[in-house]
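Fold and geometry: a report
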Number of protein chains: 2
Amino acid sequence: MSRNRKVLAVLMRTPMTAATNRNQQLVSDPPFPPTTDASSSALHNFQETNPPPRDAFADVKERMRASIIIPTDKIESVDANLEEFSKGYTSLSQEHRRDLLLVLAKGYDVNRNRVRELVQQYLNLEFPHDSDGNVPDDEQSGDGVRDEAFLASCYRMERNLRIALKPMYGDFFERLNAYPGGLKILAVLRADLLTVMENETMPSLRALESYLKEKLITWLSPAALHLHQITWDDPASLLEKIVVYEAVHPIRSLQDLRRRLSIGRRCFGYFHPAIPGEPLIFIEVALLKAVAKTIQEVLWDDPPFPENEATCALFYSISSTQAGLTGINLGKFLIKRVIELVRRDMPNIMVFATLSPIPGYVQWLLSKLASQLKFAEVETEDTTNSSGVGNSSTFKENLLLIEEEEKICESGKGLTDGKSGIEVLYKLLSSTNSEWSKSDHLISALKPPLIRLCARYLLKEKKRGKALDPVANFHLQNGAIIERINWMADPSEKGIRQSAGIMVNYVYRLEQIEENAQSYFSIGHIGASSDIQRCFEVIR
Amino acid sequence: MSRNRKVLAVLMRTPMTAATNRNQQLVSDPPFPPTTDASSSALHNFQETNPPPRDAFADVKERMRASIIIPTDKIESVDANLEEFSKGYTSLSQEHRRDLLLVLAKGYDVNRNRVRELVQQYLNLEFPHDSDGNVPDDEQSGDGVRDEAFLASCYRMERNLRIALKPMYGDFFERLNAYPGGLKILAVLRADLLTVMENETMPSLRALESYLKEKLITWLSPAALHLHQITWDDPASLLEKIVVYEAVHPIRSLQDLRRRLSIGRRCFGYFHPAIPGEPLIFIEVALLKAVAKTIQEVLWDDPPFPENEATCALFYSISSTQAGLTGINLGKFLIKRVIELVRRDMPNIMVFATLSPIPGYVQWLLSKLASQLKFAEVETEDTTNSSGVGNSSTFKENLLLIEEEEKICESGKGLTDGKSGIEVLYKLLSSTNSEWSKSDHLISALKPPLIRLCARYLLKEKKRGKALDPVANFHLQNGAIIERINWMADPSEKGIRQSAGIMVNYVYRLEQIEENAQSYFSIGHIGASSDIQRCFEVIR
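Residues numbered from 1 in each chain as written. Chains lettered and ligands numbered in written order. Predicted model: local features only at pLDDT ≥ 70, side-chain atom pairs only at ≥ 80, totals over all residues.

Chain A carries the name Malonyl-CoA decarboxylase in an unreviewed UniProt entry, which gives Platanthera zijinensis as its organism.

**Notes on the nonpolar core**
By size, the foremost hydrophobic cluster in this structure holds 256 residues, and its most contacted members are Leu-314 and Cys-454 of chain A together with Leu-314 and Cys-454 of chain B. Formed by 16 residues, the second largest nonpolar core is a distinct cluster that contains Val-110 and Leu-161 of chain A together with Tyr-122 and Leu-161 of chain B. (Core = buried A, V, L, I, M, F, W, Y, C linked by C-beta atoms within 7 Å. Buried ≥ 20, exposed ≤ 12 C-beta atoms within 10 Å, placed from the backbone.)

**As for the interface of chain B and chain A**
Listed as interface residues are 49 residues of chain B and, on the opposing side, 49 residues of chain A. Going through the elements one at a time, helix H7 (112–124), helix H8 (144–165), helix H9 (168–178), helix H10 (182–197), helix H11 (203–219) and helix H21 (513–523) of chain B are the ones with two or more residues in the side of chain B that touches chain A. When residues in the side of chain B that touches chain A are grouped by element, the largest group, nine residues, is from H8 of chain B. Residue composition of the side of chain B that touches chain A, by class: 26 nonpolar, 12 polar and 11 charged. (Contact = placed C-beta atoms within 7 Å. Helix = DSSP H or I, 4+ residues; strand = E, 2+ residues; numbered from the N terminus. Nonpolar A, V, L, I, M, F, W, Y, C, P; charged D, E, K, R; others polar.)

**Some details on the pairing of strand E4 (residues 312–320) of chain A**
Residues and elements named next belong to chain A. Along E4, eight of the nine residues are buried, which leaves the element largely enclosed by surrounding structure. Inspection of the sheet shows strand E3 (residues 281–288) paired to E4 by eight bridges, in the antiparallel sense. Within E4, the position partnered with Val-285 by the bridge is Phe-315. Two elements, E4 and strand E5 (residues 351–354), share four bridges in a ladder whose sense is parallel. Looking at the pairing, Leu-314 lines up with Ala-353 of E5. Handedness of the crossover joining E4 and E5 through helix H14 (residues 331–345) is recorded here as right-handed. (Pairing = 2+ DSSP bridges. Right-handed = clockwise from strand over helix to strand, strands pointing away.)

**Re helix H17 (residues 421–430) of chain B**
Counting buried residues along H17 of chain B, seven of its 10 residues qualify, which places the element largely inside the surrounding structure. Every buried residue of H17 of chain B is accounted for by Gly-421, Ile-422, Glu-423, Val-424, Leu-425, Tyr-426 and Leu-428 of chain B.

**Points about the relation of the copies chain B and chain A**
At an RMSD of 0.1 Å, chain B and chain A line up after a rotation of 180 degrees and a shift of 0.0 Å along the axis. The relationship between the two copies is best expressed as a two-fold rotation axis. Mapped onto chain A, 100% of the interface residues of chain B again fall at the interface, so both copies present the same surface. (Least-squares fit on C-alpha atoms with pLDDT ≥ 70 in both.)

**Observations regarding helix H11 (residues 203–219) of chain A**
All names here are of chain A. Its 17 residues give H11 an end-to-end C-alpha distance of 24 Å, which sits within 8% of 24 Å, the value for a rise of 1.5 Å per residue. Within the span of H11, buried status applies to Ser-204, Ala-207, Leu-208, Tyr-211, Leu-212, Leu-216 and Trp-219. Seen from one end, H11 has its buried residues packed into an arc of 165 degrees, which puts them on one side. (Expected span 1.5 Å × (residues − 1). Arc of directions from axis to C-beta.)

**So, the pairing of strand E2 (residues 265–271) of chain B**
All names here are of chain B. For E2, the tally of buried residues reaches six of seven residues, placing the bulk of the element in the interior. Of the strand pairs in this sheet, strand E1 (residues 226–229) and E2 are connected by four bridges, and their pairing is antiparallel. Across the sheet, residue Gln-229 finds its bridge partner in E2, namely Phe-268. As judged from the six bridges shared by E2 and strand E3 (residues 281–288), these two strands associate in the antiparallel manner. For Arg-266, the partnering residue across the bridge sits in E3 and is Val-285.

Set out below in structure tokens:
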């Protein structure tokens, strides 16, 4: 009982509504909330109990400087400066954080004069040339002793150049990484950087962000991550994080949280030793008899059957917790490890699948519909000059079959009118209250074209050779295939808005994971079940 | 009982004698055994059960190549190659490992032609100059828009240069670091490199080693290390490691191991998540009523008093386990963490001290005595031309007081004869059987000068501003001071040979740790108790 009360307190304290408003998704690069809300809740506590002094900004700036430029007799005080910096930074306003990041990006940059000097010296080295004017690679060629001496100078100069090309903030990041709690601060710095860069694209900010991202990738070695099954016995401080960061299906109550960790379900988190007490990413699993077609089949209140009858593990939610780790794919390693673990513990489980949102579908479809509408408009005005219409990537195409056009126009009457099925569909899908999803008539008229176009969106729409939909891209690069498209699987307001209520099952077949991932990576091949392929072929 | 039998089996399997032969010490940069013995015991097992194919070398070389140069359609098979490489490498002979490291160093080096090309481009950038000919640091100066574009080119080129300056083996190391078990392989590679470099000093090998060391330092963040108290309840596979790697006071029996983990003692290990099941470094602690003067006071069989009467925690052994992590100071963080932990659990403990060997003392003293003997020789031959004698750093000095000279000459009679006390002392200390330590007469004659000269060795002898003795340097940089010199503290053969049986107590006073470390770091100040300082002043 007392534990329940404790967790209840946690649930009451956390910003539940904030979590539901965020559009975090099951994606490889999940969009994140600005650091001011959830991830910096600790700093709010700090501000309440310990108001920062008036010149907090100047103080944090000085601590930062002292952590970067260290007189040789002060090496031992670095830790103290890093601690004060960390405390101070997280208590700064968003505006001051931005200013500080600019100071870091511009004031602690690469020393260009030094680089130019070394670069000049490097060119002055007398490179031995072969007949093609290239530098021979092998020490053995030519005069051994002379070559050894030459190579030694090369190595020395290259090392010096490497050091000179490291921006001064590189040292700062390394010191933070070695300092307990520093990795978390690095993630916060990057999250803030990404927020600032939404409005400002100064070259020095971009360089700072890209440098920090590279470092974070090598420091967050998957080999150092620890997989832990999160249960009701875990500390409230950890469970609180699950509530706050759950991005796909918000946790609405204490009972809801408990259910997600109880019989018939599993929750696994990936932890890094330098960020204790919260997972970097976590996955929620439901144990089922078959791959679920709707979210209701997953979010039941009481287990519909004994756990040992389950034959399918359904991943119904993956959430990242650190906005600052955007673009660093940890989910891939997590899924592989979870599959291994579940298979070991429950040999009856033969199928590993997801029930996933399709966050980009409606947005993509609306832009498709809009460009067809433009075509139609121009055609009406001037039928002789239709070649220069729209942007270069669009072309006239029949998005709807003739019978679909008719059925949509007819069903839409009274609610929306338009000159064509395309226009009616556009108006229905872009209306803010999604009236169509409340009319059985419209639902049955829209179902065939929306499913067909969804198959096309998932199977054929790409960006730089990868699936356009971020969740699809995430699972495909991990080696899954697209198994099934499910109509009215998520009839929530959000589900209707982003994917017309459609959800998709991706399936992980263990023996094909590597092969699928490789063929997606190399030639952009998107694996899909024969059902889906058939569904897509109808369109053409 | 069954557990005891299990550990006994472990003890019988491990190469106990190998451990006693190694000269590992309580030092920051401990000298390590070649990887062929303890640290690669796993590979021996591998060889026995799974003999490598005939062309194992070619296979491992190919796996290495395939892990470095990856065609874009094969990214997913990297893990398989890294696994085969790891298995294959550890089963290669020492000779083949050397050959492979040479291939890595020379064949997967920096692409110099690419670097030269970029360096040329960098110089062609039109740098805006200020009146001194320097590049202004601030984007705000001058024409904002032009400067932004210029900076963007700078950042792009600097990033490209940074990438080009990364040797190809840099990618290999990064991939190994991300791969489970890879960090251990990186440590083995470096250990082998250090072994090879004892005989060969090719520039490319040096560059490879220095690059790998830098990477290991940033990847082994102390923030990711985990402190664990090792007890009799730990797995035999872990306890086995303690037996194998104990470097200061070899563990001789099952009973001995158990005693080190039982009442009155503690053992703490520092673990990294990517190298599970064995500590990177571990420390053994005895709980005492006073700082021990001899090793016998520490290595008792039965606890001499109840644990809660202890007021002193004595660090009597620190051992590193990974030869490949030489030069990466983890001991410093370990000691700080252990002090915090012991203080929290046992508030009665007020004193934190060591009983440490002085590994370099006799060796240093013999070289001092030898150069004084040379002086004496030359002086006898030609008293007018004594200025050019010996190497430039030596000068004539009275190492022994007159009364000491006399006493040593007299006591040495029958065993050793010489023209002076210096010569007798030299002969006594350099004789392989250390006869002097078996004669009470000689022991009492040698005690005063050996203690005095030891104080001088510890307090005044330096190399590049740091204490010459590696163990002294280790504790001084961690913030300890030299407390007391103990005569006949370690009368074992090894103890007599390396430090004439003398041991030293370093003391960690919590409130002075930072200050001591800083003053040692900045001006090379060696903190010492007033007793020691007095002892040293007698000499002058």
